[in-house]
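# Coordinate inspection notes
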Amino acid sequence: MHLDRFPTTHATWIEAQLTIIDDAEAPGGEPTGAARASSARDALRRHVMERYTDALGAYVSATGLRAS
């Protein structure tokens, strides 16, 4: 039995966060754009790290990177 440790990433949600960031950083963006972009970046980082914590832990354990 093959166990896939790397889960899906919810690409639609990630794309929405990246769009918020891109729109906020575009020339002439809205004044509240920087705050929205920062919030989107934080949410994106948190989501990816939460989704991949177990998978990355398994990878590190299997490759011997822990001892480095």
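Check the entry above for the structure.
Let me begin by describing the structure that accompanies this report. Sequence order as written defines residue numbering, which begins from 1 separately in each chain. Selection of residues for local features in this predicted model requires a pLDDT of at least 70, selection of side-chain atom pairs for listing and counting requires 80 or more, and totals for whole chains, interfaces and linings are taken over all residues. The side-chain numbers reported here are obtained from all heavy atoms of the structure, hydrogens and water having been left aside.

### Observations regarding the overall build of the protein
For the purposes of this entry, the term helix denotes a DSSP run of H or I that reaches at least four residues, the term strand denotes a run of E that reaches at least two, and both are numbered from the N terminus. Across its full length, the protein holds two helices and zero strands. Counting contacts in the protein only where the partners sit at least 6 residues apart, residues at least 24 apart contribute 57% of the total. Of the roughly 5300 Å² that the protein leaves accessible, carbon and sulfur atoms contribute 57%. Only heavy atoms matter for contacts: two residues are in contact if any of them lie within 4.5 Å across the pair. Note on areas: Shrake-Rupley with a 1.4 Å probe; residue coverage comes only from the protein chains shown.

### Here's the deal with helix α1 (residues 11-25)
Helix span is expected to be 1.5 Å times the residue number reduced by one. Under the 1.5 Å per step criterion, the end-to-end length of α1 is 21 Å for 15 residues, consistent within 8% with the ideal 21 Å. Here the term buried applies to any residue with accessible area under 20% of the maximum for its type, exposed to any over 50%, and partly exposed to those in between, with areas from a 1.4 Å probe on protein chains only. Those residues of α1 that sit buried are I14, Q17, I21 and A24. End-on view of α1: buried residues confined to an arc of 95 degrees, all on one side of the axis. In this structure, α1 carries A11, T12, E15, D22 and D23 as exposed residues pointing more than 90 degrees from its buried face. As used here, the arc is the angular range of directions from the helix axis to the C-beta atoms.

### Quick notes on helix α2 (residues 33-63)
Bend, at a single residue, is the angle you get between axes fitted to the 7 residues ending at that residue and the 7 residues starting at it. Where α2 bends most, the angle comes to about 55 degrees, and this point is T53. For α2, the elements touching its buried residues are α1. G64 sits one or two residues past α2 and shows a positive phi near 80 degrees.

### Some details on the pattern of salt bridges
When a carboxyl oxygen of Asp or Glu is within 4 Å of a side-chain nitrogen of Lys or Arg, the pair counts as a salt bridge. For the coordinates displayed, the defined rule picks out one salt bridge. Between D42 and R45 there is a salt bridge, and its shortest N-O distance comes to 3.4 Å. Of the two residues, D42 and R45 both sit in helix α2, three residues apart, roughly one turn of that helix. Classification of D42 by relative accessible area gives partly exposed; the value is 37%. With relative accessibility at 52%, the residue R45 sits in the exposed group.

### Some points on the packing of α1 against α2
Inter-axis angles, ranging from 0 to 180 degrees, are taken between N-to-C directions of lines fitted to C-alpha atoms, where helices are fitted over the stretch in contact. Orientation of α1 relative to α2, taken along the N-to-C sense of each, is 150 degrees, at an axis distance of 8 Å. Here α1 lies roughly antiparallel to α2, going by the angle between them. As for the relative orientation of α1 and α2, their crossing is left-handed in sense. Listed contacts from α2 to W13, I14, Q17, L18, I20, I21, A24 and E25 of α1 are G33, A34, R36, A37, A40, R41, A43, L44 and H47. Reported orientations rely on four angle classes, namely roughly parallel under 35 degrees, roughly antiparallel over 145, roughly perpendicular from 65 to 115, and oblique for the rest. By definition, any crossing whose near helix is turned counterclockwise from its far helix by less than a right angle is left-handed, and any crossing with a clockwise turn is right-handed.

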